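Read off the chains here:
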Amino acid sequence: MTDELKQRIDKTIKNLKRNNMDAYFCETSAEARALVKTLIKKGDTISNGGSVTLRQTGVYDIISSPDYNYLDRSREGITPDEVEEIYRKSFSADAFFTSSNAVTENGELYNVDGNSNRVAMILYGPKSVVVLCGVNKLVKNIDEAVYRIKTKAAPPNTVRLGIDTYCAKEGRCVSLNKENPELCEGCRSDGRICCNYVVCAQQRHVNRIKVIIINEELGY
């Protein structure tokens, strides 16, 4: 790790804590998995947002194990009505696991969603929210976070989900064709995944949100 990256991580963790979010640093996914096990207890009801990071780190395998009451929205044969029921049950979960599209050095989480069950859970409901993110998601400020979504997060996610959008084809948001694009500008596709824009800054419920920064390139 370079001195510059260490300074950025230290600053980010300091400001996350200042914003009443607990924050941790792990060198590896293995360290993160060990930490996760200390943040939940057997029998907890656990849900999660769609996240490549959770699978890459192996955390998904922990939370979906028989040790916990896992609310599985992606099980084989599940119906749309059953998925909707899980979304609603997740509001009363003991823990909700997710990643973040970006984490600023000012200690803010920036997330953009289409369906928006993920950002809804981050904001309210589950007793604990555990956010895992690789160092590739650290940005200086919200402006950089916005740009990151439009170039590095949304395009590969639309490809992963098989959604027909401008960014899936071109690798960047159509709004960047303008000199000064507005925050919420984008395509008009029916499958657009950038619908609701959420910044988590200082929190009223101290340490409800826990952020684990991992010294690896993870997710989009």
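Bear in mind the structure is a predicted one, so any value in this text is a computation, not a measurement.

Draft legend 1. Focus on the overall build of the protein chain. Counting its regular elements, the protein chain contains eight helices and 10 strands. Its C-alpha radius of gyration of 17 Å places the protein chain within 12% of the 17 Å reference for a compact globule of 220 residues. With the C-alpha coordinates of the protein chain rotated into their principal frame, the extents come out at 50 × 50 × 30 Å. Sorting the 220 residues of the protein chain into buried and exposed places 50% on the buried side. Taking all contacts inside the protein chain whose residues are at least 6 apart in sequence as the whole, residues at least 24 apart take part in 75%. Of the roughly 11200 Å² of accessible surface on the protein chain, a fraction of 47% belongs to carbon and sulfur atoms. Separation between the mean location of the 31 positive side-chain charges and that of the 29 negative ones in the protein chain comes to 3 Å.

Draft legend 2. Representation of the pattern of salt bridges within the structure. Enumeration according to the criterion identifies 11 salt bridges in this entry. Of the charged contacts, one joins Glu-105 and Lys-11 as a salt bridge, the two residues approaching to 3.7 Å between their closest N and O atoms. Remark: Lys-11 occurs in helix H1 (residues 3-18) and Glu-105 occurs in the loop between strand E5 (102-104) and strand E6 (109-113); sequence separation between them is 94 residues. For Glu-105, a relative accessible area of 9% puts it in the buried group.

Draft legend 3. Up close: the sheet that holds strand E9 (residues 196-200). Taken in spatial order, the four strands make up an open sheet running E8-E5-E6-E9, and their pairing is mixed. Edge positions in the sheet fall to strand E8 (138-139) and E9, since each of these pairs with one other strand and no more.

Draft legend 4. Main features of the side chain of Asn-48. Here Asn-48 is to be found in strand E2 (residues 45-48). Here Tyr-70 takes part through its side chain, which lies 2.5 Å from a polar atom of the side chain of Asn-48. Beyond its immediate stretch of four places on either side in the chain, Asn-48 contacts Leu-54, Tyr-60, Ile-63, Tyr-70, Arg-73, Phe-96 and Phe-97.

Draft legend 5. A look at the layout of surface pockets. Counted as a void, the largest pocket has a volume near 530 Å³. Lining the largest pocket we find 29 residues, and of these Gly-50, Asp-113, Arg-118, Arg-160 and Leu-161 sit closest to its centre. Going through the elements one at a time, helix H3 (52-57), E6, helix H6 (117-123) and helix H7 (142-161) are the ones with two or more residues in the lining of the largest pocket. With six residues, the top contributor of residues to the lining of the largest pocket is H7. Within the lining of the largest pocket, the residues separate by chemical class into 10 nonpolar, 14 polar and five charged.

Draft legend 6. Geometry of the sheet that holds strand E1 (residues 22-26). Taking strand neighbours across the sheet as the criterion, the six strands line up as E1-E10-E7-E4-E2-E3 in an open arrangement whose pairing is parallel. Two strands lie at the open edges of the sheet, namely E1 and strand E3 (69-70), each paired on one side alone. Where strand E7 (residues 128-134) lies against strand E10 (residues 209-214), six bridges are found, and the strand directions are parallel. In the strand pairing of E10, Val-131 is matched with Val-211. Each of E1 and E10 is contacted by H1, which is oriented at about 155 degrees to E1, the strand it contacts most.

The rules we used
- Residues numbered from 1 in each chain as written.
- Predicted model: local features only at pLDDT ≥ 70, side-chain atom pairs only at ≥ 80, totals over all residues.
- Heavy atoms only, no water.
- Helix = DSSP H or I, 4+ residues; strand = E, 2+ residues; numbered from the N terminus.
- Rg over C-alpha atoms; globule rule 2.2 N^0.38 Å.
- Buried < 20%, exposed > 50% of the residue type's maximum accessible area, 1.4 Å probe, protein only.
- Contact = heavy atoms within 4.5 Å.
- Areas by Shrake-Rupley, 256 points an atom, 1.4 Å probe, with all protein chains shown as cover.
- Lys, Arg positive; Asp, Glu negative; His and termini not counted.
- Charge placed at Lys NZ, Arg CZ, Asp CG, Glu CD.
- Salt bridge = Lys/Arg side-chain N within 4 Å of Asp/Glu carboxyl O.
- Pairing = 2+ DSSP bridges.
- Polar contact = N/O pair within 3.5 Å; in protein donor to acceptor, adjacent residues only side chain to side chain.
- 1 Å grid on protein atoms, 1.4 Å probe; cavity = no way out; pocket = protein on both sides within 12 Å on 5 of 7 lines; lining within 4 Å.
- Points joined across faces, edges and corners; volume = space filled by probe spheres on them.
- Nonpolar A, V, L, I, M, F, W, Y, C, P; charged D, E, K, R; others polar.
- Axes fitted to C-alpha atoms, helices over the stretch in contact; angles between N-to-C directions.

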